[in-house]
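A structural walkthrough
So you can see what is in the structure, the chains are spelled out below.
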Amino acid sequence: MKYKSQLMVSVVVGFALLTGYLIAYAFFHREKGDLVYIIFNSYALLAVLLSFLMVLRRQKHEAHKKEIARKRLSYLAKNLTSPAMLWNDSFTEVVPNDALSELSELKMREDFDAKHVVPMFFGKTEMSDADIREIVIAKNQEYSFITPSGVPHDMIWNTSAVETDEDGVTWLLSIGMDLADIRNMQSEIATYSRKLSASEGRHNLTMELMDVGLLLIEQGNPRLFPSEKLQKMFGLRSNTVTVQEIRQRIYPLDVVAFDSHVQAIRNHMRHYIGRTETLELRICSADGQYRWYSYRFRATTNKDSGRLVVGGTVIDISAEKQKDAKIEQIAYEDAVTNIPNRNKLMRMGEELYQCTIELNSSYWVIVMDIDRFHLINDTCGYATGNALLRSFADALVKQLSHGGFGARISGDNFALILRDSGDETLPEKVVGKIQRALLTKAVGDLSNRSLTCSAGYARMPADGDSFEHVLEHAEFALSSGTKSLGSIRRYTSEMHDTIIQDSNLETQLHDAVMRNELELYYQPKVSLTTGEIIGLEALARWHHPSGKLISPTVFIPIAERSQLITQITRFVLDEACRQMKLWQTMGLPDTVMSINFSGTDFYQENICAQILKTLQKHNLDPRCLEIELTESLALMDIDVTIARMQELRAAGIQLAMDDFGTGYSSLSYLQRLPFTMLKLDRSFVAGMDGDPVVQEIIRSVARVAKAKKITTIAEGVETPEQAKILREAGCDFAQGYLYGHPMTAKETEQFIRSNQNEKNVF
Ligand code: C2E
Ligand code: CA
Ligand code: CA
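Notes on the structure follow.

What counts and what doesn't
- Residues numbered from 1 in each chain as written.
- Chains lettered and ligands numbered in written order.
- Predicted model: local features only at pLDDT ≥ 70, side-chain atom pairs only at ≥ 80, totals over all residues.
- Heavy atoms only, no water.
- 1 Å grid on protein atoms, 1.4 Å probe; cavity = no way out; pocket = protein on both sides within 12 Å on 5 of 7 lines; lining within 4 Å.
- Points joined across faces, edges and corners; volume = space filled by probe spheres on them.
- Helix = DSSP H or I, 4+ residues; strand = E, 2+ residues; numbered from the N terminus.
- Nonpolar A, V, L, I, M, F, W, Y, C, P; charged D, E, K, R; others polar.
- Buried < 20%, exposed > 50% of the residue type's maximum accessible area, 1.4 Å probe, protein only.
- Arc of directions from axis to C-beta.
- Contact = heavy atoms within 4.5 Å.
- Pairing = 2+ DSSP bridges.
- Axes fitted to C-alpha atoms, helices over the stretch in contact; angles between N-to-C directions.
- Donors = N, O, S within 2.8 Å, 3.2 Å for Na, K, Ca; no water.
- Parallel < 35°, antiparallel > 145°, perpendicular 65-115°, else oblique.

**Side note on empty space enclosed by the protein**
Tallied over the entire structure, the rule returns 5 cavities of 30 Å³ or more. Approximately 240 Å³ is the volume attributed to the largest cavity. What lines the largest cavity is a set of 18 residues, and nearest its centre among them are Leu215, Ile246, Phe258, Leu279 and Tyr295. Secondary structure elements with two or more residues in the lining of the largest cavity: β6 (213–218), α9 (243–247), α10 (255–267), β9 (277–284) and β10 (290–301). The biggest single contributor to the lining of the largest cavity is α10, with 5 residues. The class makeup of the residues in the lining of the largest cavity is 15 nonpolar, 2 polar and 1 charged.

**A look at helix α5 (residues 129–137)**
Here α5 has its buried residues at Asp131, Ile132 and Ile135. On an axial view of α5, the arc spanned by its buried residues comes to 100°, and they lie on one face. Exposed and oriented more than 90 degrees from the buried face of α5 are Asp129, Arg133, Glu134 and Ile137. Looking at the buried positions of α5, the neighbouring elements they touch are β1 (84–88), β3 (142–146), β4 (152–164) and β5 (170–178).

**Focus: the sheet that holds strand β11 (residues 308–316)**
Strand order across the open sheet formed by 6 strands is β8-β7-β6-β11-β10-β9, with antiparallel pairing between neighbours. Edge strands, defined here as strands with exactly one partner in the open sheet, are β8 (241–242) and β9. Bridge analysis of β10 against β11 gives 9 bridges, and the strand direction is antiparallel. Counterpart to Tyr295 in the pairing with β11 is Val314. Where α10 meets the sheet, it contacts β6, β7 (223–226), β9, β10 and β11, and its direction lies at approximately 135° from that of β9.

**Some remarks on the side chain of Gln523**
The residue Gln523 is located in strand β17 (residues 518–527) in this model. A residue is classified by how much of its surface remains accessible, and Gln523, at 8% relative accessible area, is buried.

**Focus: the coordination of the calcium ion (ligand 3)**
For the calcium ion (ligand 3), the full set of protein donor atoms is Asp658 (OD), Asp659 (OD), Glu715 (OE) and Glu715 (OE), and the range of their distances to it is 2.0 to 2.7 Å. Between consecutive donors of the calcium ion (ligand 3), the numbers of intervening residues give the motif D-D-x55-E. Here the calcium ion (ligand 3) and the calcium ion (ligand 2) are spaced 3.9 Å apart, with Asp658 acting as a shared donor. For the pair Asp658 and Asp659, one class covers both residues: buried.

**Some words on the sheet that holds β3**
An order of β2-β1-β5-β4-β3 is seen for the 5 strands of this open sheet, with the pairing classed as antiparallel. Edge strands, defined here as strands with exactly one partner in the open sheet, are β2 (94–96) and β3. Averaged over all neighbouring strand pairs, the angle between strand axes comes to 30°, with direction disregarded. Judged from the 5 bridges that link them, β3 and β4 form a sheet pairing that is antiparallel. Looking across to β4, one finds that Phe145 is bridged to His153.

**As for the packing of helix α18 (residues 552–561) against helix α19 (residues 564–585)**
Where α18 contacts α19, the axes come no closer than 6 Å and their chain directions differ by 125°. Here α19 runs oblique to α18, going by the angle between their axes. Between α18, through Phe555, Ile556, Ala559 and Glu560, and α19, the contact on the second element is made entirely by Leu564, Ile565 and Ile568.

Rendered as C-alpha cells:
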C-alpha cells in the first residue's frame, strides 16, 4: 500500500514538474533565450528522474525484506528429511522441500502452482479459510493424493501457522509423513519382535543386539532390564533398574509423558501386542547432558516364562531432533520465555486426556495470570515486562520436577498440568509456591511487593469431556476470581448453577424493568484539594418484589447477556438527566452526572443520536453528562470505538475510563482514545497503603494522564490516609465511602446542600 501511494505521488509530482516546465518554456523561450530554456530543461528532467529512482529503490528494499523472511523459512523446510512445504493462505506461493518434490513427482517450479498443488495435497480441489483452520487443528488425519504417474500416497500432515506478514498473509508450514514409510517401519519392528520372542532369554537377546540400547519390561516385575549398551548410555550401574531410577533422569518437561506411558505399559501390556509405539524423551545421559532418545517398543510373550514382555530399542535421536528443533521451536515454543506455547499445550493436553480415560488416572489443569501485568509493562517498559514473564516461566518450570507440564498460553497467561495423586490441595500449594517465588523476583526497577498472580484450576478428565473443555473451565474459574489479587479458585459445576439461577432472575428482571422497580442511587465525586463535589455517579438498584435490594453486580451482568441492558441504560440515561436538570433548576451547584455504559449500549448504531435526544428532552447541557466506559469495552472494536467516542466528544459529552487497573490497563490507550477522565479502580486504592510500588504506579499514571490533559479520579477511597497518598501522588479527584456511599436522590440533595456550607478535605 505504502509503495503504491509513493508511486502515485511521484507520478503526480513528475507530471506537475513537466507541465510547469512546458509552461515556463513557452513563456521564456519567446522572451529570453536559450540559456534559461536549458536550465529549466535540465532541472525538470533531473527532478523527474530522481523521483522515479526513489520509487525503484523503495520497491527493491521491500522485495529484499520479503525475500529474506521467505528464505529463512524455506531454509527450515528444506532441511527437513520429511516431505514439507511452506505455503501461504492466499495461495500465491508454495515452497516444497526436496523430499516432497521427489515424493510427489512434481519437480519443476512451474508444477508448484500453489492454488492447485496445496489443495491437492490435502485431497481437495480448492480450500476455504475454514478448511485451513481445520488442517491446522487436525492431527493424525490422513489425506490421499495421486502423483502424475498414478502412484497413490496416503499422508499425515502436521500444519502450523508460522508467521503473518505485514500484508496480513499467513505463512504455514506443513510437515508430512508418508504412511508407506510408517508401514515399512512396522514390518521392520515385526521382524525384530519375532527375534525377540524366538530368543532364549533376555540376556541372549541383549548380547545379540548390543549396538543399540535395549530395555525390557516384564509383566509383574518391578525392575526393568537395560542392555549393557543402555547402561552405558544412561550411566546405569546395574543390569536391572527401577522405574524411579530412570524417572530421575528424565527432563522435567517430559516427565508427564514418561509417567503416562509407564502407567499404560504396566496396566495394559496386552494392548501393545502387535502394536509398535514410539516414545521420545529427553533423558540425562552418562555425560550429564540431556539428550533426545527414542524408545520403540512392542509387547510379546516370553516363551520361557510365559509372561508378557515389553521390549524395544533405545536410540539416541539428538542429531535428528536438532535438525527439526528450529521448526519445533517456531511451532511449539514461546519466543519470550522459551517454554512450550499454547499449541504444544493443546497437543500434550489432548494426549494426556486420552491417557487419563484409558488408565483411569487424573491430572490438574491450572491456569494462571500475573495480576496487573499490563500496567507493569506500561510503566516499566517492555524489557521489564518480558523479564518478568521469564521469571514467571522459571518459577513455573521449577514446579515441574515432580512431573508436570508448563506453557505460556498467551500474554501473561500460563498453564500447568500436574499429576493428581489424590492431594486435593496440590494446585493451591503449587500456585502458592509460584506466588512466593514471584515475590522474591527483583525485576528491573520494580520492587517485588506488588507482584502477585491469580489462578483457576480444574481436574482432568472429571471437569470436561475434552482437554480443551477442561482448560476452558480452569480459565472460567480464573476469570470468576479476577477482582481480588492473588486469588486461587477451583472450578466447580456450581459456577454453572449460578448461571442457571441467572436465567431465572433474567425473567424477573425483564418484568422489573417493565414495572419500574429500578431506582438510581448517586455517589458523589469530590475534589481532593478543595473538597468540592465535582460530579455524581448514577448507580442502579433493583427493588426486588421480595423486599430485597439487589446489587447491580448481580443484575447488570445478567442484563448484559440478554438484550435487557438496552432498556436499563435507556432508563438510567433518562432518569439521571431528569434528576440533574431538576437539581439545576433548584439552584444546586453545577456538577457532572456520570452514567455507566455496557458494550451493547456503546456499540448501538444510533447511540449518539439517542443520547442527544434525551439531553434535549430535559434541556440539559451535554457538558453535564459523562459516560463511564471500561477499557475492555472500549477495545472491542477499536475503529468503531474511536469514531463513536469522537462523536460523543464533539457533542460535548465527557468520557471516563472506568475500572482502570483491572483489565489490560494499558496507558497507550489513553493516547489513542479521547477520554477526559481516568478512574483508578478501587482494588488499586485498597492495595496502596504502604506499598511504594502501587504508589509509584499511581504517580506515573497521574503524570501521563495530566500530560494528556486527562483528569484522574480514584474509586473506593475509604480512609483519610488513602486520600492523602492520592493527593500527593497527583490524583485530582476521589470517590468512595470516606466522602459518601451511593444515596437515594433525596439523600443526595441534602448531601450537596451540606457540602455547599462545609467542605471536608481529608
Ligand atoms: P462501578 O462503576 O465501578 O461503581 C462503583 C462501585 O463501587 C459501586 O458499586 C459503589 O457502590 C462501589 N463503591 C463506591 N465507593 C466504595 C468504597 O469506598 N468502597 C467499596 N468497597 N465500594 C465502593 P455498585 O453500585 O454495587 O455498582 C457495581 C457496578 O455495577 C458498578 O461498578 C458498575 O460497573 C455497575 N453498574 C451500576 N449501575 C450501572 C448502570 O446503571 N449501568 C451499567 N451498565 N452498569 C452499572
Ligand atoms: Ca462506574
Ligand atoms: Ca469503577
